[in-house]
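# A closer look at the structure
Listed below, chain by chain, are the residues.
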Amino acid sequence: MATEPGVVRRPTASRNLVYLLLAALALLPLLAFGLGPLTSDSFSLRGPGGPILAFSAGVLSFVSPCVLPIVPIYITHLSGASIENGKIVADRRVTFAHALAFVGGLSLVFIVLGTSAGLLGSYFLRDNQRDLEQIAGVFLIAMGLLMVPSYGRASPMKAGLLLLGLTGFYFFLANVADLRATADHPADRTGLLFLGAAMLLAWLRFAGYVQLPFLQRTWEIDVAKNRQVGYTRSALIGGAFALGWTPCVGPVLGSILGLALTTSASTADTFTATYLLVAYSAGFSIPFLITGLALSDVTAFFRKIQRYTPIIETASAVMLIGLGLLLWYGRITGLNELFSFADFNQGL
């Protein structure tokens, strides 16, 4: 239920119970493997302790250069998903439902890609992963452009500030996507042109010069009127991210993928790899759900930043466009270099 104006909603007893449960699931692997005596050799993946080991590796992978890049994208998306009819709606259930949808989409695609060879006896999905990545990229770019709020031509100051921000974002994406000239390769002029065109189109839509009526009539994506569409969007964003994202492969995940990515493996090995990947995905989902739960509880903060709704809405849309562009270029993993300082997996 949405928060009434002037009323500060505090977590209920059931809410606190969820917090405690998620915190316990996150802390136990940290205490056992991070601070305690357990290591990746303490359990056999094929034994009854295999899911525990896989789950723990998933939890600890949150603080790694391969998972941390998802966090700002995730938080920005959840903030944008809380906007309805131009206002921030501090509805805990809605925000947490978006968190579940995002993590669910990411986990589902990650598991399907990881187990398709063993379960289907085919490398079709993995062989065509690059094509699927580009299709998802185009989809997210178009969705992001539709989400850019149009404020007309009455606010040249806002339009000028966004143009300045998009210019900086252009150079940031050009570096992450490795499009600029280096000692090893010349500049990708086509890629830079496409990147510039996407940024320009986003600005033209914000400034009110471009309305994109064709896409609006064809896709009919109106999150403000249809929350179910919004949840689907969150799941699609998580799934699209998984197409171009790869977690840091430690000893545990490497062994699981070794079982999953071979068509010659026995049926038992294939299903073992499948439920271990489910356990691993459940593990790295826990910190994201805690983040989503905490974000859904800061209702007072949401009310204070109500006047910044256009900025949040625009940032969420531009983030989506940037994510789509990185998927198109196949450079989602380029974000990992920004988080190379983090590497806390304790050998898992």
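Parameters and conventions
Residues numbered from 1 in each chain as written. Predicted model: local features only at pLDDT ≥ 70, side-chain atom pairs only at ≥ 80, totals over all residues. Heavy atoms only, no water. Helix = DSSP H or I, 4+ residues; strand = E, 2+ residues; numbered from the N terminus. Buried < 20%, exposed > 50% of the residue type's maximum accessible area, 1.4 Å probe, protein only. Areas by Shrake-Rupley, 256 points an atom, 1.4 Å probe, with all protein chains shown as cover. 1 Å grid on protein atoms, 1.4 Å probe; cavity = no way out; pocket = protein on both sides within 12 Å on 5 of 7 lines; lining within 4 Å. Points joined across faces, edges and corners; volume = space filled by probe spheres on them. Nonpolar A, V, L, I, M, F, W, Y, C, P; charged D, E, K, R; others polar. Core = buried A, V, L, I, M, F, W, Y, C linked by side-chain atoms within 4.5 Å. Contact = heavy atoms within 4.5 Å. Axes fitted to C-alpha atoms, helices over the stretch in contact; angles between N-to-C directions. Parallel < 35°, antiparallel > 145°, perpendicular 65-115°, else oblique. Left-handed = near helix turned anticlockwise from the far one by under 90°. Salt bridge = Lys/Arg side-chain N within 4 Å of Asp/Glu carboxyl O. Phe/Tyr/Trp six-rings, centres within 6.5 Å; stacked < 30°, edge-to-face > 60°. pLDDT = per-residue confidence, 0-100.

## Side note on the overall build of the protein chain
Each helix and strand in the protein chain was counted, giving 14 helices and two strands. By the burial criterion, 49% of the 348 residues in the protein chain qualify as buried. Here the protein chain has roughly 16500 Å² of accessible surface; of this, 66% comes from carbon and sulfur atoms.

## Some details on the layout of surface pockets
Considered as a void within the structure, the largest pocket measures approximately 600 Å³ in volume. Phe169, Thr314, Ala315, Val318 and Met319 are, among the 26 residues lining the largest pocket, the residues nearest its centre. Broken down by secondary-structure element, the contributors of at least two residues to the lining of the largest pocket are helix 3 (70-81), helix 7 (156-176) and helix 14 (309-329). With nine residues, helix 14 is the single largest residue contributor to the lining of the largest pocket. Tallied by class, residues from the lining of the largest pocket come to 20 nonpolar, four polar and two charged.

## So, the nonpolar core
Within soluble globular proteins, side chains that are nonpolar tend to cluster in buried spots. Counting 84 residues, the largest nonpolar core has Trp245, Phe288, Ile321 and Leu325 as its most contacted members. Sort the elements by how many residues they give to this core and helix 12 (residues 267-297) lands first, with eleven residues. When sequence neighbours within four positions are dropped, the list of residues in contact with Trp245 reads Cys66, Val67, Ile70, Leu106, Phe110, Phe284 and Ile332.

## Structural notes on the packing of helix 6 (residues 129-147) against helix 14
It is the contact of helix 6 with helix 14, at a shortest axis distance of 7 Å, that shows an interaxial angle of 160°. When the axis of helix 6 is compared with that of helix 14, the two are roughly antiparallel. Where helix 6 crosses over helix 14, the two elements pack in a sense that is left-handed. Taking contact as the criterion, the partners of Arg130, Glu133, Gln134, Ala136, Gly137, Val138, Leu140, Ile141, Met143, Gly144, Leu145 and Met147 in helix 6 are, on helix 14, Glu313, Ser316, Ala317, Leu320, Ile321, Leu323, Gly324, Leu325, Leu327, Trp328 and Tyr329. Per-class residue counts for the contact of helix 6 with helix 14 are 15 nonpolar, five polar and three charged.

## Some thoughts on the pattern of salt bridges
If you walk through the whole model with that rule in mind, you get one salt bridge. The closest approach of N and O atoms between Glu133 and Arg130, which form a salt bridge, is 3.5 Å. Note that Glu133 and Arg130 are positioned in helix 6 at a spacing of three residues, about one turn of the helix. Its relative accessible area of 7% is what places Glu133 among the buried residues.

## Some details on the packing of helix 7 against helix 14
The packing of two helices is summarised by the inter-axis angle and the distance between the axes. Put simply, helix 7 and helix 14 touch, their axes get as near as 11 Å, and they point 25° apart. Between helix 7 and helix 14, the crossing angle belongs to the class labelled roughly parallel. For the element pair helix 7 and helix 14, the recorded crossing hand is right-handed. Residues Leu162, Leu166, Phe169, Leu173 and Val176 of helix 7 pack against Thr314, Val318, Gly322, Leu325 and Leu326 of helix 14. For the contact of helix 7 with helix 14, the class distribution of residues is eight nonpolar, two polar and no charged.

## Observations regarding the packing of aromatic side chains
Within this structure, the stated rule accounts for ten aromatic pairs. Their ring planes at 80° and their centres at 5.2 Å tell us that Tyr74 and Phe288 sit as a pair that is edge-to-face. Here Tyr74, found in helix 3, pairs with Phe288, found in helix 12; they are 214 residues apart in sequence, far enough to count as distant. Neither residue differs from the other here; Tyr74 and Phe288 are each classed as buried. Summarising the aromatic geometry, the rings of Tyr170 and Phe171 are spaced 5.3 Å apart at their centres and angled 85° between planes, so their arrangement reads as edge-to-face.

## Overview of the environment of Val278
By the element assignment, Val278 lies in helix 12. Measuring from C-alpha to C-alpha, the distance between Val278 and Pro51 comes to 8.6 Å, with 227 residues separating the pair along the chain.

## Some thoughts on the side chain of Ser285
Along the polypeptide, Ser285 turns up in helix 12. Given the relative accessible area of 7%, Ser285 is considered buried.

## With respect to the confidence of the model for the protein chain
Mean pLDDT over the protein chain: 77, with 74% of residues reaching 70 or higher. By mean pLDDT, the top-scoring element of the protein chain is helix 8 (residues 189-207) (93), and the lowest-scoring one is helix 9 (residues 213-219) (47). Contacts of residues 1-9 to residues separated by more than four positions or lying in other chains number 18 contacts, the stretch itself having pLDDT below 50. The model gives residues 215-226 a pLDDT under 50, and that stretch makes 17 contacts with residues more than four places away or in other chains.

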